[in-house]
Amino acid sequence: MELGLLYSGGKDSTLAALLLEEFYDVTLVTAHFGVTDDWKHARETADTVGFAFERLECDLDVAREAVERIREDGFPRNGIQHVHQHALERLAAREFDAIADGTRRDDRVPTVSRAQAQSLEDRHGVDYIAPLSGFGRAAVDRLVDARLDVTVGPSEEIDRADYEAELRAVIAEQEGPAAIAEYFPDHNQTYVTNVR
């Protein structure tokens, strides 16, 4: 069975791919808006970890809507959630038997409710799988430490292909680079460099 996994090149989505490869032909799929070429970081990681890779072009208007939500809220949570739902919809419309992401049990964002998952499945005739949904952060970190080489650092310094990178670029383009700090709290990101 063919499975498309939303992929950023980070530890969670890479671990999800490793867990799913026993049961599916996994293709790592990076959603992007064409704002930056950061999707290339995910392609490089996909090559390194040995999975097929595809890009999923998303609607730039959705990124603009997400940025507007971020401005209104003063923080990124609802904007990132909006983008994730759009990416899942686009992925579900592709030719996969199943779709997945790297969301964990204790993620604040993005999340997928039971109702959202069932709706995706019913409307698109696919299975939605969240292989890390039963794992907390500590459990994920232990599994990652055992299997992956990972670079960790501040969001603005780590090469990655997640939604946040392009949303930051849209904000920087519209308001200047200094505005990013107004909306995005300091936090670390990960980038997978190898599988052990």
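If you check an unreviewed UniProt entry, the protein appears there as Asparagine synthetase domain-containing protein from Natrinema salifodinae.

Draft legend 1. Quick look at the pattern of salt bridges. Evaluation of the coordinates by the stated rule reveals 14 salt bridges. Among the salt bridges present, the one from Asp 149 reaches Arg 196, with a minimum N-O distance of 2.7 Å. Residue Asp 149 is located in strand E6 (residues 148-154), and its partner Arg 196 is located in the segment after strand E7 (188-195); the two are separated by 47 residues in the primary sequence. The class of Asp 149 is partly exposed, set by a relative accessible area of 26%. When salt bridges with common partners are traced through the structure, they connect Asp 12, Arg 104, Asp 106 and Asp 107 into a single cluster.

Draft legend 2. Quick peek at helix H2 (residues 39-49). Considered for burial, the residues of H2 that qualify are Trp 39, His 41, Ala 42, Thr 45, Ala 46 and Val 49. Down the axis of H2, the buried set is contained in an arc of 150°. They therefore lie on one face. Considering only its buried residues, H2 is in contact with helix H1 (11-20), strand E2 (25-32), strand E3 (52-57) and E7.

Draft legend 3. Summary view of the packing of helix H3 (residues 60-73) against helix H7 (residues 163-175). Contact geometry for H3 and H7: axes closest at 10 Å, N-to-C directions at 75°. In terms of their interaxial angle, H3 and H7 are classed as roughly perpendicular. When H3 is examined against H7, the residues Ala 63, Ala 66, Val 67, Ile 70 and Arg 71 are found in contact with a partner set consisting of Leu 167, Val 170, Ile 171, Gln 174 and Glu 175. A class-by-class count of the residues in the contact of H3 with H7 yields 7 nonpolar, 1 polar and 2 charged.

Draft legend 4. Seen up close, the side chain of Arg 168. Turning to its location among the elements, Arg 168 is positioned in helix H7. Classification of Arg 168 as buried rests on a relative accessible area of 9%. For Arg 168, the residues in contact, after removing those within four places along its chain, are Ser 155, Glu 156, Arg 160, Ile 180, Phe 184, Pro 185 and His 187.

Draft legend 5. Structural context of the side chain of Thr 14. Mapped onto the elements, Thr 14 comes out in helix H1. Taking the relative accessible area as the measure of exposure, Thr 14 reaches 1% and is therefore buried. Once residues lying within four places of it in the same chain are set aside, the contact partners of Thr 14 are Tyr 7, Gly 9, Thr 45, Val 49, Leu 148 and Val 192.

Procedures and definitions
- Here the residue numbering is sequential within each chain, running from 1 through the sequence in written order.
- Two thresholds apply to this predicted model, a pLDDT of at least 70 for residue-level local features and 80 or more for giving and counting side-chain atom pairs, whereas whole-chain, interface and lining totals are computed over all residues.
- Computation of side-chain values covers all heavy atoms of the structure but excludes hydrogens and water.
- The working definition used for a salt bridge is a side-chain nitrogen of Lys or Arg within 4 Å of a carboxyl oxygen of Asp or Glu.
- Elements are defined by DSSP. Helices are runs of H or I of four residues or more, strands are runs of E of two residues or more, and each kind is numbered from the N terminus.
- Exposed residues in this analysis have more than 50% of their type's maximum accessible area, buried residues have under 20%, and partly exposed residues fall in between, with area computed by a 1.4 Å probe over protein chains only.
- For this quantity, the arc is that covered by the directions from the helix axis to the C-beta atoms.
- Throughout, a residue-residue contact means that at least one pair of heavy atoms, one from each residue, lies within 4.5 Å.
- Orientation is described by axes fitted as lines to C-alpha atoms, over the contacting stretch for helices, and by angles from 0 to 180 degrees between their N-to-C directions.
- Any angle that is under 35 degrees is reported as roughly parallel, and any over 145 degrees as roughly antiparallel; angles of 65 to 115 degrees are reported as roughly perpendicular and all others as oblique.
- Residues are grouped as follows: nonpolar covers Ala, Val, Leu, Ile, Met, Phe, Trp, Tyr, Cys and Pro; charged covers Asp, Glu, Lys and Arg; every other residue, Gly included, is treated as polar.

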